[in-house]
Amino acid sequence: MANIRGWQGQRMPTSSWKVRISESQIEEISSIAEYCNKESIPPEEISSIAGSCGSLKSLACDITDRLKSGMGMVVVSGFPTAESSTLDFCEFRILCRLLGEPVGQNEIGDLYTRIEDTRSSSSRGYQSSVSLPWHVDPVDVVALLCVRPAQSGGTSRVASSKNIAEILSIEAPEAFSLLKNPFPAIFEPPREGNLGARLPIFIQSDNGNSLCWYTRQYINLSRILPGCRLSHRMISALDSLDEILERPGISLDFSLEPGDIQIMNNFSVLHTRSEFAENEMAKRLLVRSWISTSWSQQLPDNFLPFYGSVAAGSVRGGRPIARSSGRLGAKVTTPTFVNS
Ligand SMILES: [Fe+2]
């Protein structure tokens, strides 16, 4: 795998991270969606694709290259957003299936979820309109389809973890070394018997690539575990990381438009989104897929409690309960293209 490169948001022209889906790619994905709808096959269960879909295959390869060895993120624009077909957001789910195997996102194992403000007191962060702290999603790749943007706010922000690591190593080498050691973390919501995990923020992989895992909310929650206390040095190292993430020019900030899909490699970029206000008649709606990829790297064993498997290219991640119906730990498959 080529080395992921670090980047600063302010230096990245739109052409370097945004691609538009072509007419032939829309035609190809629409014909697969038509087939799925006719045969009532959920897109997540597609194992082969018959017909001439060369153009769509090249889009999936381009996205994979960008996630694997490019910026670690891409926005695909001009995507169909239909909600009304038999299988909701079918075209989006087909694209996600072409990138790997979607995994469960909640207690009942939903393979795609609506990201919207449900105004419920028991909601998770993505079901509210408040700004979110910097984080990664607990899976190899996340894809977000924008169906309707907010009336104002809801800006997407993405930062290169390699760039943050480079800045930290120069400006705060002690903090950087500390962040390579395990930090206690626990998934929300905490459950009985859940002893959490101890995860390093910056990880040097066997092939020399650097990976990053950072969700401060999960680290902060670990204080409920017996004997788990963060030292002042650990808190100060996390503060240094947050301070760099908030510096002007570090992150790439942009607004999603209807038909945009934001796709990110969670081990090479961090993300957040700002608070938003919405139009009551047309509420903000994104659709999310969490995807295990065939090209993922081996993770340290510390990640086993969170990801369920640490093997390279295996089905892993998602919510701890109802992860991917029995496929956890199996090799990730992607649909084969069969010319007919
Ligand atoms: Fe997220």
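In the block above lies the structure referred to throughout.
I will try to describe carefully the structure that is included in this document. The shown structure was predicted, so the numbers you read here are calculated from the model rather than taken from an experiment. Position numbers for residues start from 1 in each chain and track the written sequence from start to end. Only residues with pLDDT of at least 70 get local features here, since the model is predicted, and only at 80 or more are side-chain atom pairs given and counted; chain-wide, interface and lining totals rely on the full set of residues.

With that out of the way, let us pick up the packing of helix α1 (residues 23-39) against helix α2 (residues 54-69). For helices, the axis comes from a line fit to the C-alpha atoms of the stretch in contact; other axes are also lines fit to C-alpha atoms, and the angle between any two N-to-C directions lies between 0 and 180 degrees. Helix and strand definitions follow DSSP, with helices as H or I runs of at least four residues and strands as E runs of at least two, each counted in order from the N terminus. Relative orientation of the contacting elements α1 and α2 amounts to 105°, with a least axis distance of 8 Å. Looking at the two axes, α1 sits roughly perpendicular to α2. Here α1 contributes Ser-24, Gln-25, Glu-28 and Ile-29 to the contact with α2, which in turn contributes Ser-55, Leu-56 and Leu-59. In this count, Pro and Cys sit with the nonpolar residues alongside Ala, Val, Leu, Ile, Met, Phe, Trp and Tyr, while Asp, Glu, Lys and Arg are called charged and the others, Gly among them, polar. For the contact of α1 with α2, a count of residues per class yields three nonpolar, three polar and one charged. By the definition adopted for this analysis, an angle is roughly parallel if under 35 degrees, roughly antiparallel if over 145, roughly perpendicular if from 65 to 115, and oblique otherwise. Two residues qualify as being in contact provided that their C-beta atoms, derived from the backbone, are within 7 Å of each other.

Around each residue's C-beta, the other C-beta atoms within 10 Å are counted; 20 or more make the residue buried, 12 or fewer make it exposed, and counts in between make it partly exposed. All C-beta atoms are placed from the backbone. Strand β3 (residues 73-77) sits mainly inside the fold: four of its five residues count as buried. Of the pairings in the sheet, the one linking strand β1 (residues 18-20) to β3 comprises three bridges and is parallel in character. Across the sheet, Val-19 pairs through a bridge with Val-76, a residue of β3. As paired elements, β3 and strand β14 (residues 261-265) share four bridges and run antiparallel to each other. From the neighbouring strand, Val-75 faces β14, where its bridge partner is Gln-262. Paired strands, in this sense, are two strands between which DSSP finds at least two bridges.

This part covers the environment of Ser-152. Mapped onto the elements, Ser-152 comes out in strand β7 (residues 152-153). Sequence-wise, Ser-152 and Ile-32 are 120 residues apart; in three dimensions their C-alpha atoms are separated by 35 Å. In this structure, Ser-152 is in contact with Phe-276 and Ala-277, ignoring residues within four places of it in sequence.

For the pair α1 and helix α3 (residues 90-99), interaxial distance at closest approach is 9 Å and the crossing angle is 105°. Between α1 and α3, the interaxial angle falls into the category roughly perpendicular. Facing α1, whose interface residues are Ile-29, Ser-30, Ile-32, Ala-33, Cys-36 and Asn-37, α3 presents Cys-90, Glu-91, Ile-94 and Leu-95. Across the contact of α1 with α3, the residue classes tally to seven nonpolar, two polar and one charged.

A few words now on the environment of Tyr-218. You can see Tyr-218 is positioned in helix α6 (residues 216-221). Judged by the 23 C-beta atoms lying within 10 Å of it, Tyr-218 is buried. When the C-alpha atoms of Tyr-218 and Arg-93 are compared, they prove to be 28 Å apart, with 125 residues separating the residues in sequence.

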